[in-house]
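Structural overview for review
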Amino acid sequence: KVVAVIMVGGPTKGTRFRPLSFNTPKPLFPLAGQPMVHHPISACKRISNLAQIFLIGFFEEREFTLYVSSISNELKIPVRYLKEDKPRGSAGGLYYFRNIIMEDNPSHIFLLNCDVCCSFPLTDMLEAHKRYGGMGTVSAETANQFGELVADPITKELLHYTEKPETFVSDLINCGLYIFTPDIFTAIQEVSSHREDQANLRHLSTFEALQSPTRTFPLDFVRLDQDILSPFAGKKQLYTYETMDFWEQIKTPGMSLKCSGLYLSQFRFTSPDLLAGGDGTKSALIVGDVYVHPSAKVHPTAKIGPNVSISANVRIGAGARLINCIVLDDVEVQENAVVINSIVGWKSSIGKWSRVQADGDYNAKLGITILGEAVMVEDEVVVINSIVLPNKTLNLSVQDEIIL
Ligand code: GDD
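What comes next is a walk through the structure.

A word on the overall build of the protein chain. The helix and strand inventory of the protein chain stands at 9 helices and 31 strands. Expected size for 404 residues packed as a compact globule is a radius of gyration near 22 Å; at 23 Å, the protein chain falls within 12% of this value. Its C-alpha atoms give the protein chain principal-axis dimensions of about 70 × 45 × 40 Å. Counting only residues that meet the buried cut, the protein chain has 55% of its 404 residues in that class. Counting contacts in the protein chain only where the partners sit at least 6 residues apart, residues at least 24 apart contribute 56% of the total. When the accessible surface of the protein chain is split by element, carbon and sulfur atoms take 51% of a total near 17900 Å².

Okay, here's the thing in structure tokens:
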């Protein structure tokens, strides 16, 4: 048997995701019409002999309760949310719940970061790991900038690991997908006790060590990368699995729009039934990959796509044009409005003949336009390359602005 653990983090981690993380935990933000965490979960479903999926985080339990029970029913596999009492780091969180994770006595544990967007080649990774042996396998990808992994080209052993290097170390980046044997728990335990010993050596009590200005993390805060991958590299314990497929990290709203498009195009192969246009029930003109929630009402003369994702209860009026955008629950886009390279927040409304648009540079601060929750754009108003915080009404056009 195997189990999967998805690290979902907590509220303090979502700051770069504002204003979209104000009232929705980032892991539940919809990409291609499905919560972000749904994509790794449905990839886990394809692993054979999977006993359970755990989400570990420090968001409030109630924020995940509904989601976790509906996805468990839908996929017919137990999905459980395990709430940390405080942030313990990616390895510390895993260790904290070791007894629950080991309930089914799994031979392998998949560990996935929730904020990566890729094709999740988990079964291939497991096969590769079994060939390599050792305590774990890390998936890797060719980096755009500086990579952090150095692997042996023949044996694929992880030889060296530097977290977030500022100069060239290698051209391989850690993709945030791992497979471990239960030995990982011993490794984390070793790291924590080593720290404790060091603190004691310095004649500090644990309490003083926690207060020490030189120590930024508590003793039980263990990071997977710096504290586990770095020290265990080059010891024939860790290996790398290199993928050639798409891979992105979802740290900003701009990247969520890009990743929504990547997942929509993947639906062509994995879930074509989720894409609009194929079944003839949506009569609007659909261009490219588009998701429309069944409860949304799209006027037949609207033109939608490519890369558009329309959530529940959205209404799109006659003659509206939507390109490269995420439209969240309960939004109204009125007649002849245009939305391009933008994210439109829950319950917002875009007036007749208005335009909400941006250049579409996913990495620029104002490269996509974002309307927070319940923003009203009045008729004939143009909003370009701007971020609008929740509950604002715009009756004048704006460009390159953050409206607070
Ligand atoms: N439960 C829990 N508790 N989750 C956490 C915690 C924690 O204390 N800290 C981080 N996470 C979750 C985040 O939500 C995210 O899904 C994942 O763990 C990794 O987050 P970080 O540790 O903040 O790392 P990062 O995303 O900046 O970078 C790491 O992952 C990248 C790939 O996703 C590094 O390992 C990079 O080198 C790597 O490329």
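Time to look at helix 5 (residues 122–132). Within the sequence span of helix 5, burial applies to L122, M125, L126, A128, H129 and Y132. Along the axis of helix 5, the buried residues cluster in a sector spanning 165 degrees; they form a single face. Structural note: helix 5 exposes K130 and R131 on the side pointing more than 90 degrees away from its buried face. Following helix 5 by one or two positions, G133 has its phi on the positive side, about 80 degrees.

Okay, the pattern of salt bridges next. Using the criterion set out here, one finds 10 salt bridges in the structure. Salt-bridge contacts for R315 lead to E332; the nearest nitrogen and oxygen are separated by 3.6 Å. Placement of the pair is R315 in strand 19 (residues 315–316) and E332 in strand 21 (residues 332–333), with a sequence separation of 17 residues.

A large share of strand 1 (residues 2–9) lies buried, amounting to 7 of its 8 residues. Note that strand 1 and strand 6 (residues 108–113) share 6 bridges and pair parallel. Residue I6 lies in a different strand from strand 6, and its bridge partner there is L112.

With that settled, consider the site of the ligand. Close contacts around the ligand come from 27 residues, with E84, G89, N174, D225 and K251 the closest. M7 places a polar main-chain atom, nitrogen or oxygen, 3.0 Å from an oxygen atom of the ligand. Here E148 contributes a side-chain N or O atom positioned 2.9 Å from an oxygen atom of the ligand. At the level of elements, strand 1, strand 4 (50–57), strand 11 (170–180) and strand 13 (247–249) are the ones that each hand at least two residues to the shell around the ligand. Counting residues per element, the shell around the ligand draws most heavily on strand 11, at 4 residues. Classifying every residue of the shell around the ligand gives 11 nonpolar, 7 polar and 9 charged.

Let's shift gears to the environment of P272. Looking at the secondary structure, you find P272 in the loop between helix 9 (253–270) and strand 14 (285–286). In this structure the C-alpha to C-alpha distance between P272 and D289, which are 17 residues apart in sequence, comes to 9.6 Å.

Another aspect to go through is unusual backbone geometry. The amide bond that connects R18 to the next residue, P19, takes the cis arrangement and shows omega of 5 degrees. Residue placement: P19 occurs in the loop between strand 1 and strand 2 (30–31). For K236, which is not a glycine, the phi torsion comes out positive at approximately 55 degrees. One can find K236 in the loop between helix 8 (224–232) and strand 12 (238–242). Positioned with a positive phi, N385 is a non-glycine residue whose angle comes to about 45 degrees. Residue placement: N385 occurs in the loop between strand 27 (382–384) and strand 28 (387–388).

The subject of this paragraph is the nonpolar core. Judged by nonpolar contacts, the single largest core of 63 residues is most densely connected at I41, I53, L55 and L122. When near neighbours in sequence (up to four residues on either side) are disregarded, I41 contacts I6, I53, L55, Y67, I71, L75 and V79. The next biggest cluster of nonpolar side chains, apart from the first, holds 36 residues, and it includes L111, V138, I188 and L229.

What the rule picks out here adds up to 7 aromatic pairs. Each ring, one from F17 and one from F29, has its centre 5.4 Å from the other, and the planes form 85 degrees; the classification is edge-to-face. One end of the pair, F17, is in the loop between strand 1 and strand 2; the other, F29, is in the loop between strand 1 and strand 2, with 12 residues separating them in the sequence. The exposure classification of F17 matches that of F29, with both residues buried. When the centroid spacing of 5.7 Å and the interplanar angle of 15 degrees are considered together, the rings of Y178 and F180 count as stacked. You'll find Y178 and F180 in the same group, each marked buried. Aromatic rings pair up to connect F17, F29 and W346 into one cluster. A cation over a ring is seen here: R98 above Y95, with NZ or CZ 4.0 Å from the ring centre.

In this fold, T181 is placed in the loop between strand 11 and helix 6 (183–201). In this view, T181 contacts S107, H108, I109, H129, G134 and M135; residues no more than four positions away in its chain are not counted.

Cut-offs used in this document
Residues numbered from 1 in each chain as written. Predicted model: local features only at pLDDT ≥ 70, side-chain atom pairs only at ≥ 80, totals over all residues. Heavy atoms only, no water. Helix = DSSP H or I, 4+ residues; strand = E, 2+ residues; numbered from the N terminus. Rg over C-alpha atoms; globule rule 2.2 N^0.38 Å. Buried < 20%, exposed > 50% of the residue type's maximum accessible area, 1.4 Å probe, protein only. Contact = heavy atoms within 4.5 Å. Areas by Shrake-Rupley, 256 points an atom, 1.4 Å probe, with all protein chains shown as cover. Arc of directions from axis to C-beta. Salt bridge = Lys/Arg side-chain N within 4 Å of Asp/Glu carboxyl O. Pairing = 2+ DSSP bridges. Near = heavy atom within 4 Å. Polar contact = N/O pair within 3.5 Å; in protein donor to acceptor, adjacent residues only side chain to side chain. Nonpolar A, V, L, I, M, F, W, Y, C, P; charged D, E, K, R; others polar. Core = buried A, V, L, I, M, F, W, Y, C linked by side-chain atoms within 4.5 Å. Phe/Tyr/Trp six-rings, centres within 6.5 Å; stacked < 30°, edge-to-face > 60°. Lys NZ or Arg CZ within 6 Å of the ring centre and 35° of its normal.

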